[in-house]
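Residues per chain, in single letters:
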Amino acid sequence: MYIVEAYAAALILTVAAQAAPGPNLVAVAAAALGQGRRAAVCVTLGVASGVLVWVTAVAFGLAVLLDLFPAVLTAMKILGGCYLLFVAAKAARSVLWPSSGGTIRAAGKKASDFKNWRFGLFVVLSNPKAGLMWIAVASFLFGQGLEAPAVLAFGPLGAVSAFLVYGAYALLFSTGRITLAYQKFQRGFEAAFAAAFGAMGAALILSGLREAHR
């Protein structure tokens, strides 16, 4: 049962991270506004494909590292927790000091389905924050006692959640009025993300500190 509980907790973190404003959301929304729903869905599929690449790389890379240096897990928990707190602080700053104007603009040039898929893949793979997020998720899963195959098996869940989250954004932003509504309630979304990331980050850091003092 522990693997189900670990997956559930990791999935909550993953969905919160994917729903939070960032390069992936901007890419999908820009395609929806400029090219329509089909283009945005293709970008979404590219992002979901990139999730599988990140999870595979992180699962096996960390597994090898942990076999050689078991104490690295403790450091990864603390570093991963610090990253999540950084994301939480950034979201909180957006709530307190919202920037003028939106960062989401229409992508004006039409592109083929394959090019849009490739663009989504490029966006997620070239985003270092995505790598740090998946390192944080994998550190949490390894910290729950899961082995590399079990961490790798979480990949499809992460990809499906990415498709559902960004697919929802593709649907919403292909409707003009939704864009205005999103901008109106963006501070509320940011506040919720800050709370979620802050709680998970603090939990990871506390777990790592307890292990370091054993």
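From a predicted model like this one, the values you see are computed outputs, not experimental measurements.

Student: Whenever I open this one, the UniProt feature "transmembrane region" (unreviewed entry) in the protein confuses me. Can you help?
Tutor: Sequence positions flagged by UniProt for "transmembrane region" (unreviewed entry) are, in local numbering, residues 6-33, 40-62, 68-89, 119-142, 148-171 and 191-209. From the first C-alpha to the last, residues 6-33 spans 37 Å; its make-up is 89% helix and 0% strand. Counted over residues 68-89, helix gives 86% and strand 0%. Its end C-alpha atoms are 33 Å apart.

Student: In this structure, what is going on with the packing of aromatic side chains? I would like to understand it.
Tutor: Where two aromatic rings form a pair, the distance of their centres and the angle of their planes describe that pair. The final tally for this structure, using the stated rule, is five aromatic pairs. Members of the aromatic cluster, joined through ring pairs, are Tyr 7, Trp 134 and Phe 154.

Student: Can you walk me through the nonpolar core in this structure?
Tutor: One recurring pattern in soluble globular proteins: nonpolar side chains tend to sit buried together. Formed by 60 residues in total, the largest nonpolar core has its most connected members in Leu 84, Trp 134, Val 137, Leu 141, Phe 142, Tyr 169 and Phe 197. Take this core: its biggest share by element is 13 residues, from helix H3 (residues 37-68). If we skip the residues at most four places from it in the chain, Leu 141 touches Ala 6, Tyr 7, Ala 10, Leu 146, Val 151 and Phe 154.

Student: Hey, could you run me through a nonpolar patch on the surface in this one?
Tutor: Residues Val 41, Leu 45, Val 160, Phe 163 and Leu 164 make up a contiguous nonpolar surface patch of roughly 410 Å² in combined accessible area. Listed by contribution, the elements that provide at least two residues to the nonpolar patch are H3 and helix H8 (155-173). Counting residues per element, the nonpolar patch draws most heavily on H8, at three residues. By secondary structure assignment, the location of Phe 163 is in helix H8.

Student: Please explain the packing of helix H2 (residues 23-35) against H3 as it appears in this structure.
Tutor: Helices that pack against each other are described as a pair by the angle of their axes relative to one another and the distance between those axes. Where H2 contacts H3, the axes come no closer than 7 Å and their chain directions differ by 160 degrees. Judged by the angle between their axes, H2 and H3 are roughly antiparallel. The two elements H2 and H3 meet at a crossing, and its hand is right-handed. Where H2 approaches H3, its residues Asn 24, Ala 27, Val 28, Ala 31, Ala 32 and Gln 35 are matched on the opposing element by Ala 39, Ala 40, Val 43, Thr 44 and Val 47. Residue classes in the contact of H2 with H3 are distributed as eight nonpolar, three polar and no charged.

Parameters and conventions
- Each chain carries its own residue numbering, running from 1 in the written order of its sequence.
- Only residues with pLDDT of at least 70 are given local features in this predicted model, and only at 80 or more are side-chain atom pairs given and counted; all residues enter the totals for whole chains, interfaces and linings.
- Side-chain figures throughout are based on the complete set of non-hydrogen atoms in the structure, without hydrogens or water.
- UniProt positions are given in the numbering used here, feature names are shortened, and annotations may be inferred rather than shown by experiment.
- To qualify as a helix, a DSSP run of H or I must reach at least 4 residues; to qualify as a strand, a run of E must reach at least 2; elements of each kind are numbered from the N terminus.
- Geometry of aromatic contacts follows a simple scheme: Phe, Tyr and Trp rings, the Trp one being its six-membered ring, pair when their centres are within 6.5 Å, and the pair is stacked under 30 degrees between planes, edge-to-face over 60, tilted otherwise.
- What we call a nonpolar core is a set of buried Ala, Val, Leu, Ile, Met, Phe, Trp, Tyr and Cys residues that are connected through their side-chain atoms within 4.5 Å.
- Type-normalised accessible area, obtained with a 1.4 Å probe on protein chains alone, sets the label of each residue: buried when under 20%, exposed when over 50%, and partly exposed for intermediate values.
- The contact definition used throughout considers only heavy atoms, calling two residues in contact when any of these lie within 4.5 Å.
- Patches draw on residues past 30% relative accessible area with no salt bridge. Two like charges within 9 Å are joined, as are two nonpolar side chains (Val, Leu, Ile, Met, Phe, Trp, Tyr) within 5 Å.
- Calculation of accessible area relied on Shrake-Rupley with a 1.4 Å probe; when residues are assessed, cover is drawn exclusively from the protein chains displayed.
- By convention in these notes, a salt bridge is any Lys or Arg side-chain nitrogen within 4 Å of a carboxyl oxygen on Asp or Glu.
- For every element, the axis is a line fit to its C-alpha atoms; helices are fit only across the contacting stretch, and the angle between N-to-C directions ranges from 0 to 180 degrees.
- Comment on the angle field: the value is read as roughly parallel under 35 degrees, roughly antiparallel over 145, roughly perpendicular from 65 to 115, and oblique elsewhere.
- Note: crossing handedness is left-handed where the near helix turns anticlockwise from the far helix by less than a right angle, and right-handed where it turns clockwise.
- Gly falls in the polar group here, along with every residue not listed as nonpolar (Ala, Val, Leu, Ile, Met, Phe, Trp, Tyr, Cys, Pro) or charged (Asp, Glu, Lys, Arg).

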